[in-house]
Amino acid sequence: MSLSTKEYFVKETFKSIKRNQLMSFASVSTVAVSLLVLGMFLLMVMNANNLAKYLESQVQISVYMEDSASQNTLTAAEKSLKTMPGVTKVTSITKTQAMAKFKQRLGDQNRLLDALGEENPFPYSFDVQVDKPERIAQIVPKIDEMKGVETAKFGQEVVEHMFKLTKLLRMGGLLLVFLLAMATLFIISNTIRITVFARRREVSIMKYVGATNWFIRWPFLLEGMFLGFAGAMVASLVLIQIYLALQEKVYATLAFFPLITAWPFLAYLSLFLIITGTAIGAAGSCIPLRKFLDV
Amino acid sequence: MLLMKGISKTYPSGAVALRSVDIHIKPGEFVFVVGPSGAGKSTFVKMLFREVIPTTGKLFVDGVDVIGLKPEEIPFLRRQLGIIFQDYRLLNERTVYDNIAFAMQVIETPYRQIKRRVAAVLDLVGLRSRAGDYPGELSGGEQQRVAIARAIVNDPLLVIADEPTGNLDPETSRDIMKIFTQINDSGTTIVMATHDKNIVDSMEKRVIAIEDGYIVRDDAKGVYGYEPEH
């Protein structure tokens, strides 16, 4: 392909976009909105996934001791917990510490505890951290059997719920992505259809003077790709702004919430949206052309 | 240049446009195809650039088996042809120059060559001073001259004209025919479908008459009129 031919293609592309300003604008907007929704969904799914993984890695066992357990029993229990295979850390929490912690969590409503009077219902406990979540199932029954142990609990249920939710989100997301992609494809192919229809005379003359199908196709293909690309750019920019603002809010209020770090995550996501948008644009322009090229 | 053997065309509707046509046209010939409306002239002409595919028979243009062409080979056949229509088929939003240059851009001719060649064909059709005008600013005759310029700008072996003077008055038609004669004098073969009796009679060229899908006459120096003895 010669340089003047490439120049011709680019010129034709932008001439056509300018000629159909309104429709081009509509296409870019639709692509932008669709990809924005898609991007937000991806952000949600990926963060939910991240949260589930984080929770899983954070799994710890809470070992609650009997109130009747003597200091000796407590020391012995701590010792045997520490020597268990896979246990990485054992923290003891006294009754007073547990009470203080709960008071802090209640915040303004800690007056509710006044009803308890001098009594402290919290048991002495140990927080046991393990290296791998799979170990929990073997460790917990052993701890349960130890002397002085009332019960051993762990957050497996929460994690399982979290994973179920992520799975649901992912499946729903996939369906949504598919529907949005179809809608975008439809809108872009309609825009190109209008462009091709407006230029069908030109296309037929091109065929009579011996233009190859690819020569005719290129400007339309470029137009579709450009519309998809422009829409994806808009969607990416908006998405980045939204995520950065969200991140700021989350960090200000929920300091330890494991949100995925903005960069380079957002760069990859934008790249994905831009490639998707451009590809949808290209596909959208190929569909209506087939009919008109058949002269 | 052009060889038809046993060409027939039946449209899907059942209408028969051509019946077992045998024609041989030599390079450099100027041939009129005449006949009443619906006789099959248009089908005859459209077959040459493969807009219509014959139902049976063989068709060669400059040695190329037109019927056997693959879809991707059709553009290369058409680059050897110059096609002219009754309704000019110009692009109204492009200037005279661009309408002609367009045919060269499409086959990816270098820019500088386009400029030189377009100027030359504009001289030939006498429209050099109108290069910057739009088709809407030209008369019918001038528009047809632009269409002719576009048809010959790529130096075709064969010019195919379908009723090129159908929309023009007799005087303008004569001017157009002078241009065709010039093109033919330079060695280009011309096949022209027409209704125009005056033109056919004045040119004294080969005339192929089609009626109801049959070739009813093929005279080396023919006239339009129907001769009783045939």
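Residues numbered from 1 in each chain as written. Chains lettered and ligands numbered in written order. Predicted model: local features only at pLDDT ≥ 70, side-chain atom pairs only at ≥ 80, totals over all residues.

Novice: How should I be thinking about the nonpolar core in this particular structure?
Specialist: The nonpolar side chains of a soluble globular protein tend to be buried, and buried together. Ranked by size, the top nonpolar core spans 74 residues in total, and within it B:Val33, B:Ile100, B:Ala149, B:Val159, B:Ile160, B:Ile190 and B:Val191 carry the most contacts. Per-element accounting of this core gives the leading share, seven residues, to helix α3 (residues 96-105) of chain B. Among all residues touching B:Val191, those that are not within four sequence positions of it are B:Ile25, B:Val31, B:Val33, B:Val45, B:Leu48, B:Leu158 and B:Ile160. A:Leu180, A:Leu222, A:Met225 and A:Ala235 belong to the second-largest nonpolar core, a separate cluster that totals 29 residues. (Core = buried A, V, L, I, M, F, W, Y, C linked by C-beta atoms within 7 Å. Buried ≥ 20, exposed ≤ 12 C-beta atoms within 10 Å, placed from the backbone. Helix = DSSP H or I, 4+ residues; strand = E, 2+ residues; numbered from the N terminus. Contact = placed C-beta atoms within 7 Å.)

Novice: Would you mind going over the pairing of strand β9 (residues 206-211) of chain B with me for this structure?
Specialist: Side-chain positions along a regular strand alternate between the two faces of the sheet. Residue and element names in this part refer to chain B. One ladder, built from four bridges, connects strand β3 (residues 30-34) with β9; its direction is parallel. Bridge pairing in β9 places Val31 opposite Arg206. Alignment of β9 against strand β10 (residues 214-219), held across five bridges, turns out to be antiparallel. Bridge pairing in β10 places Ile210 opposite Ile215. Counting the residues in the hairpin turn of β9 and β10 gives two residues, including Asp212, whose phi is positive at 50°. (Pairing = 2+ DSSP bridges.)

Novice: I keep staring at helix α5 (residues 140-152) of chain B and nothing clicks. Help me out?
Specialist: Working note: α-helix, 3.6 residues per turn, so residues spaced by three or four point in the same direction. All names here are of chain B. For α5, with 13 residues, the first-to-last C-alpha span of 19 Å sits near the 18 Å given by 1.5 Å per residue. For α5, a buried count of 11 out of 13 residues is recorded, marking the element as mostly surrounded by other parts of the structure. Within α5, the full set of buried residues consists of Glu142, Gln143, Gln144, Arg145, Val146, Ala147, Ile148, Ala149, Arg150, Ala151 and Ile152. The secondary structure elements touched by the buried residues of α5 are β6 (81-84), α3, α4 (111-124), β7 (158-162) and α6 (170-185). (Expected span 1.5 Å × (residues − 1).)

Novice: Quick question: what am I supposed to make of the sheet that holds strand β1 (residues 60-65) of chain A here?
Specialist: Backbone-to-backbone hydrogen bonds pair the strands of a sheet. The strands run either parallel or antiparallel. Residues and elements named next belong to chain A. One open sheet holds the four strands; their spatial order is β2-β3-β1-β4, and the pairing between them is antiparallel. Every other strand in the sheet has two partners, leaving β2 (87-93) and β4 (149-154) as the edge strands with one partner each. Going from strand to strand, the sheet's axes swing by 20° on average, the running direction of each strand aside. One ladder, built from six bridges, connects β2 with strand β3 (residues 125-130); its direction is antiparallel. The partner of Val87 across the bridge, within β3, is Val130. Here helix α3 (residues 71-82) sits on the sheet in contact with β1, β2, β3 and β4, set at roughly 160° to β2. In this fold helix α5 (residues 136-145) packs onto β1, β3 and β4, with an angle of close to 165° to the strand it touches most, β4. (Axes fitted to C-alpha atoms, helices over the stretch in contact; angles between N-to-C directions.)

Novice: Please explain the sheet that holds β9(B) as it appears in this structure.
Specialist: Residue and element names in this part refer to chain B. If you trace the six strands from one edge of the open sheet to the other, you get β6-β7-β8-β3-β9-β10, paired in mixed fashion. Two strands in the sheet have a free side with no partner beyond their single neighbour: β6 and β10. The sheet shows a mean angle of 15° between the axes of neighbouring strands, taken without regard to direction. The pairing of β7 with strand β8 (residues 189-193) spans five bridges and is parallel. Residue pairing for β8: Ile160 is matched across the bridge by Val191. Running at roughly 150° to β8, helix α1 (residues 41-48) makes contact with β3, β7, β8 and β9 of the sheet. Of the strands in this sheet, β6 and β7 touch α5, which is tilted by about 165° from β6.

Novice: Hey, could you run me through the confidence of the model for chain B in this one?
Specialist: For residues with low pLDDT, the predicted coordinates do not support detailed interpretation. Across chain B, the average pLDDT comes to 90, with 98% of residues at or above 70. The complex prediction reports pTM at 0.68, with the ipTM value standing at 0.84. (pLDDT = per-residue confidence, 0-100.)

Novice: I keep staring at the interface of chain A and chain B and nothing clicks. Help me out?
Specialist: Frequently, the measure chosen for interface size is the accessible area removed from exposure when the parts meet. Tallying the contact residues gives 13 residues for chain A and 14 residues for chain B. Broken down by secondary-structure element, the contributors of at least two residues to the side of chain A that touches chain B are α1 (3-19) and α7 (200-208) of chain A. Here the residues of the side of chain A that touches chain B are counted per class, giving seven nonpolar, five polar and one charged. (Nonpolar A, V, L, I, M, F, W, Y, C, P; charged D, E, K, R; others polar.)

Novice: Sorry, what's going on with α4(B) here?
Specialist: All names here are of chain B. Taking 1.5 Å per residue as the helical rise, α4 with its 14 residues ought to reach 20 Å, and the 20 Å between its terminal C-alpha atoms agrees with that figure. Within the sequence span of α4, burial applies to Val118, Val121 and Leu122. The buried residues of α4 occupy an angular sector of 100° when the element is viewed end-on, so they sit on one face. Of the exposed residues in α4, the ones pointing more than 90 degrees away from its buried face are Arg112, Gln113, Arg116 and Asp123. The secondary structure elements touched by the buried residues of α4 are α3 and α5. (Arc of directions from axis to C-beta.)

Novice: Got a minute to help me understand the environment of A:Glu150 in this structure?
Specialist: All names here are of chain A. Along the chain, Glu150 turns up in strand β4. Here the alpha-carbon distance between Glu150 and Ser68, two residues 82 residues apart in the chain, equals 9.9 Å. Discounting residues that sit within four places of it in the chain, Glu150 has contacts with Tyr64, Met65, Glu66 and Pro123.

Novice: Quick question: what am I supposed to make of the environment of B:Asn167 here?
Specialist: Its location among the elements puts B:Asn167 in the loop between β7 and α6. Among residues more than four places away in sequence, those in contact with B:Asn167 are B:Gln86, B:Asp87 and B:Gly140.

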